[in-house]
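The primary structure of each chain is shown beneath.
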Amino acid sequence: MAGEPQDDCLFCKIVAGSIPATIVRETETTVAFRDINPQAPTHVLVIPKAHHQDAAALAAAAPELAADVLRETRAVADEEKLESYRIVFNTGTGAGQTVWHAHAHVLGGRGFEWPPG
Ligand code: 5GP
Ligand code: ZN
């Protein structure tokens, strides 16, 4: 069920502490941790603690929680002293989503091209 922890979900396991992660921030509703395969000098993932399969499902089912995630991306950027940064929500296989628990990538510390590849 949306919002409930899923036994087979990697990020639910990080929330539960059963898989280790380098956590940079935690709030009542969110966790931010470093990506295991960083694509930029700063690459942090911000996730809701509750399980929603992607950003669209999160926004539809729990808009306040989606706002918490977005607010936390700013807090991460501030802590990492990023003047410019990119927030990415890969949504769907064709966009590169590989973990089916909503997450925002916060990327910074290098330049980015637009349009993205
Ligand atoms: P997606 O491709 O779904 O947008 O992003 C999933 C991200 O999770 C990838 O950037 C990947 O490197 C990261 N990731 C996958 N497994 C782990 C893990 O066990 N720990 C951490 N910290 N990040 C992970
Ligand atoms: Zn999950």
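Residues numbered from 1 in each chain as written. Chains lettered and ligands numbered in written order. Predicted model: local features only at pLDDT ≥ 70, side-chain atom pairs only at ≥ 80, totals over all residues.

- The protein has the name Histidine triad (HIT) family protein in an unreviewed UniProt entry, where Streptomyces capillispiralis is given as its organism.

**Observations regarding the environment of Ala-60**
Step number 1: Tracing the sequence through the fold places Ala-60 in helix α2 (residues 55-61).
Step number 2: In this structure, the C-alpha to C-alpha distance between Ala-60 and Ala-50, residues 10 residues apart in sequence, is 14 Å. (Helix = DSSP H or I, 4+ residues; strand = E, 2+ residues; numbered from the N terminus.)

**Quick look at the nonpolar core**
Step number 1: Core analysis: the biggest nonpolar cluster contains 22 residues, and Ala-32, Val-44, Val-46 and Val-106 have the highest contact counts within it.
Step number 2: For this core, the secondary-structure elements that each account for two or more residues are α1 (10-16), β2 (30-34), β3 (42-48), α2, α3 (63-79) and β5 (104-108).
Step number 3: When near neighbours in sequence (up to four residues on either side) are disregarded, Ala-32 contacts Ile-23, Val-24, Arg-25, Val-44, Leu-45, Val-46, Glu-72 and Val-76. (Core = buried A, V, L, I, M, F, W, Y, C linked by C-beta atoms within 7 Å. Buried ≥ 20, exposed ≤ 12 C-beta atoms within 10 Å, placed from the backbone. Contact = placed C-beta atoms within 7 Å.)

**Considering the sheet that holds strand β1 (residues 23-26)**
Step number 1: Pairing in this open sheet of five strands is antiparallel, and the strands run β1-β2-β3-β5-β4 from one edge to the other. At either end of the open sheet lies a strand with only one pairing partner, and these are β1 and β4 (85-88). Neighbour-to-neighbour, the strand axes of the sheet open up by a mean angle of 20°, direction not taken into account.
Step number 2: Of the pairings in the sheet, the one linking β3 to β5 comprises five bridges and is antiparallel in character. Its bridge partner lying in β5, Leu-45 is registered against His-105.
Step number 3: Of the strands in this sheet, β1, β2, β3, β4 and β5 touch α3, which is tilted by about 155° from β3. (Pairing = 2+ DSSP bridges. Axes fitted to C-alpha atoms, helices over the stretch in contact; angles between N-to-C directions.)

**As for α3**
Step number 1: For α3, spanning 17 residues, the distance from its first C-alpha to its last is 25 Å, which sits close to the expected 24 Å at 1.5 Å a residue.
Step number 2: The complete set of buried residues in α3 reads Ala-66, Val-69, Glu-72, Thr-73, Val-76 and Ala-77. The arc that holds the buried residues of α3, viewed along the axis, is 140°, so those residues lie on one side. Exposed residues pointing more than 90 degrees away from the buried face of α3 are listed as Pro-63, Glu-64, Ala-67 and Asp-78.
Step number 3: Here the buried face of α3 lies against β1, β2, β3, α2, β4 and β5.
Step number 4: Positive backbone phi, at 55°, marks Lys-81, one or two positions downstream of α3. (Expected span 1.5 Å × (residues − 1). Arc of directions from axis to C-beta.)

**Re the UniProt feature "domain: HIT" (unreviewed entry) in the protein**
Step number 1: UniProt tags residues 10-117 as "domain: HIT" (unreviewed entry).
Step number 2: The span residues 10-117 is 29% helical and 23% strand by assignment, and the distance between its end C-alpha atoms comes to 26 Å. (UniProt positions renumbered as here; feature names shortened; annotations may be inferred.)

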